[in-house]
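# Notes for the structure review
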Amino acid sequence: QITTVSGNEFLLQSDIDFLILDWFHAIKNAIDRLPKEQRITSGNLEFKLRRSSSIELLHNLDTESKEPKPEHRKSLIFRLNYSASDTNDRNRVKSRLKKFISRRPSLKTLQEKGLIKDQIFGSHLHLVCEHEKSTVPQFVRLCIKAVEKRGLDVDGIYRVSGNLATIQKLRFVVNQEEKLNLDDSQWEDIHVVTGALKMFFRELPEPLFPYCFFEQFVEAIKIQDNATRIKSIRSLVKKLPRPNYDTMKILFEHLQKIAAKESVNLMSTQSLGIVFGPTLLRPEKETGNMAVHMLYQNQIVELMLSEYSKIFGSEED
């Protein structure tokens, strides 16, 4: 801590002991080198740190100022305070924190005791559904309901980004609270709701199209004959785990309603394929040409939207 004669205080802080000592000695040596005949004001004294940890003292000279008495010169310029006890205190705090962290219970233990509820974002789809005793996450249903209520006609719905800070706030609320009201004024911007829904699917540890199905869907979309391609995609969709199938069906049904309003919201099946392709399906390990993969991802979503009734309809359809 440095205190000037005018009462200004400066605090230099570091966790590195030898660096603190270097600062202390550098300042002290600078004071000791000051000539006795130097005239200084009592008001404006400052310092600046360099990367080398040395101190450059900048003085405002005043030829009309009176020279301080030699014996008081050093005390008038600085009072330096350095205490090794500060370092000892910090070390004790660090030691206690390490002990506390090492003794803290695991996340699984806290969840089992009910002290921390299961997360919605970032959890596997089947675990979210098991916890809610459903096959479609409640959050997905709520978002779809909100968008269909006040977002079908919005220009660029799902393409335009919402405020990220508000989306993160919504994410926190979903993970921490049991009930969610998307009609609340703080979620008034529908792009926040669509942004949170996309984030939910993006943060699934395994995407809505499971990793083991990725190459199969890619091979299916490459089929030249359209009827055979649709039949192959339909067959793969029917093999998906129940939570994946049911969630996919309700999501694509919703996106089909978005595409039906293309003349107003300017979101075609192709636009929605570009938005949702990389979000809903991706390879477990990125190999080969990413641009080619992205093209197939977009085409798969686009086809499933344009041929929704044939892919998700009953056998008799």
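Residues numbered from 1 in each chain as written. Predicted model: local features only at pLDDT ≥ 70, side-chain atom pairs only at ≥ 80, totals over all residues. Heavy atoms only, no water.

As recorded by an unreviewed UniProt entry, the protein carries the name RHG15 protein and is attributed to Dryoscopus gambensis.

## Thoughts on the overall build of the protein
Along the backbone of the protein there are 15 helices and five strands. Burial statistics for the protein: of 317 residues in total, 39% are counted as buried. In the protein, the share of contacts with a sequence separation of at least 24, taken over all contacts with a separation of at least 6, comes to 71%. (Helix = DSSP H or I, 4+ residues; strand = E, 2+ residues; numbered from the N terminus. Buried < 20%, exposed > 50% of the residue type's maximum accessible area, 1.4 Å probe, protein only. Contact = heavy atoms within 4.5 Å.)

## What to know about the environment of glutamate 188
With respect to the helices and strands, the residue glutamate 188 is situated in the loop between helix H7 (164–176) and helix H8 (190–202). Looking at glutamate 188, the relative accessible area reads 62%, which means it is exposed. When the C-alpha positions of glutamate 188 and arginine 150 are compared, they lie 9.6 Å apart, and in sequence the two are 38 residues distant.

## A closer look at the packing of aromatic side chains
The tally for this structure, following the rule as stated, stands at eleven aromatic pairs. Centroid distance phenylalanine 200 to phenylalanine 201: 5.3 Å. Interplanar angle 75°. Geometry classified as edge-to-face. By relative accessible area, phenylalanine 200 is classed as buried at 0%. Members of the aromatic cluster, joined through ring pairs, are Phe209, Phe213, Phe217, Tyr245, Phe252, Tyr308 and Phe312. (Phe/Tyr/Trp six-rings, centres within 6.5 Å; stacked < 30°, edge-to-face > 60°.)

## Structural notes on the side chain of glutamine 297
Position of glutamine 297 relative to the elements: it lies in helix H14 (residues 290–306). Polar contacts involving the side chain of glutamine 297 include one to the main-chain carbonyl oxygen of leucine 281, which spans 2.9 Å. Discounting residues that sit within four places of it in the chain, glutamine 297 has contacts with Phe214, Gly277, Pro278, Leu281, Arg282 and Pro283. (Polar contact = N/O pair within 3.5 Å; in protein donor to acceptor, adjacent residues only side chain to side chain.)

## Some remarks on helix H9 (residues 214–221)
Phe214, Phe217, Val218, Ala220 and Ile221 are the residues of H9 that are buried. On an axial view of H9, the arc spanned by its buried residues comes to 160°, and they lie on one face. Looking at the buried side of H9, the elements it contacts are helix H10 (226–238) and H14. (Arc of directions from axis to C-beta.)

## Digging into the packing of H9 against H10
For the pair H9 and H10, interaxial distance at closest approach is 8 Å and the crossing angle is 165°. Judged by the angle between their axes, H9 and H10 are roughly antiparallel. Where H9 crosses over H10, the handedness of that crossing is left-handed. Across from Gln216, Phe217, Ala220 and Ile221 in H9, the residues of H10 making contact are Arg229, Ser232, Ile233, Leu236 and Val237. (Axes fitted to C-alpha atoms, helices over the stretch in contact; angles between N-to-C directions. Parallel < 35°, antiparallel > 145°, perpendicular 65-115°, else oblique. Left-handed = near helix turned anticlockwise from the far one by under 90°.)

## Some points on unusual backbone geometry
With a phi close to 75°, tyrosine 158 is a non-glycine residue in the positive phi region. Structurally, tyrosine 158 is set in the loop between helix H6 (138–150) and H7. Here tyrosine 158 falls in the buried class, since its relative accessible area comes to 0%.

## Examining the confidence of the model for the protein
Per-residue confidence for the protein gives a mean pLDDT of 80; residues scoring 70 or more make up 71%. Low pLDDT, under 50, characterises residues 39–68; the stretch is placed with 56 contacts to residues that sit more than four places away or in other chains. Here residues 71–82 scores under 50 on pLDDT; set against residues more than four positions off or in separate chains, the count is 36 contacts. (pLDDT = per-residue confidence, 0-100.)

## Notes on the pattern of salt bridges
Tallied over the entire structure, the rule returns eight salt bridges. Of the charged contacts in the structure, one is a salt bridge between lysine 257 and glutamate 148, with a shortest N-O distance of 3.4 Å. Of the two residues, lysine 257 sits in helix H11 (residues 242–260) while glutamate 148 sits in helix H6, which places them 109 residues apart along the sequence. Among the ionic pairs, lysine 310 bridges to glutamate 307, the shortest N-O distance being 3.7 Å. Using a relative accessible area of 17% as the deciding quantity, one classes glutamate 307 as buried. (Salt bridge = Lys/Arg side-chain N within 4 Å of Asp/Glu carboxyl O.)

## Describing helix H5 (residues 125–132)
Note that an α-helix has 3.6 residues per turn; residues three or four places apart therefore point the same way. All of the buried residues along H5 are Leu125, Val128 and Cys129. Along the long axis of H5, the arc covered by the buried residues comes to 95°, so they all point the same way. Among the structural elements, H8 and H11 are those in contact with the buried residues of H5.

## Considerations on the nonpolar core
Nonpolar side chains tend to gather and get buried jointly when the protein is soluble and globular. Grouped together as the largest cluster of nonpolar side chains are 66 residues, with contacts concentrated most on Tyr158, Phe209, Phe252 and Met304. For phenylalanine 252, the residues in contact, after removing those within four places along its chain, are Phe209, Leu280, Val301, Met304, Leu305, Tyr308 and Phe312. Grouped together as the second largest cluster of nonpolar side chains are five residues, Ile2, Leu12, Trp23 and Ile31 included. (Core = buried A, V, L, I, M, F, W, Y, C linked by side-chain atoms within 4.5 Å.)

## A short note on the environment of serine 161
Mapped onto the elements of the fold, serine 161 is located in the loop between H6 and H7. On the basis of relative accessible area, serine 161 is assigned to the exposed category, the value being 62%. C-alpha of serine 161 to C-alpha of histidine 191: the two residues are 30 residues apart in sequence and 6.0 Å apart in space.

## Notes on the side chain of histidine 191
By the element assignment, histidine 191 lies in helix H8. Among residues more than four places away in sequence, those in contact with histidine 191 are Val154, Asp155, Gly156, Ile157, Val160, Ser161, Gly162 and Ile167.

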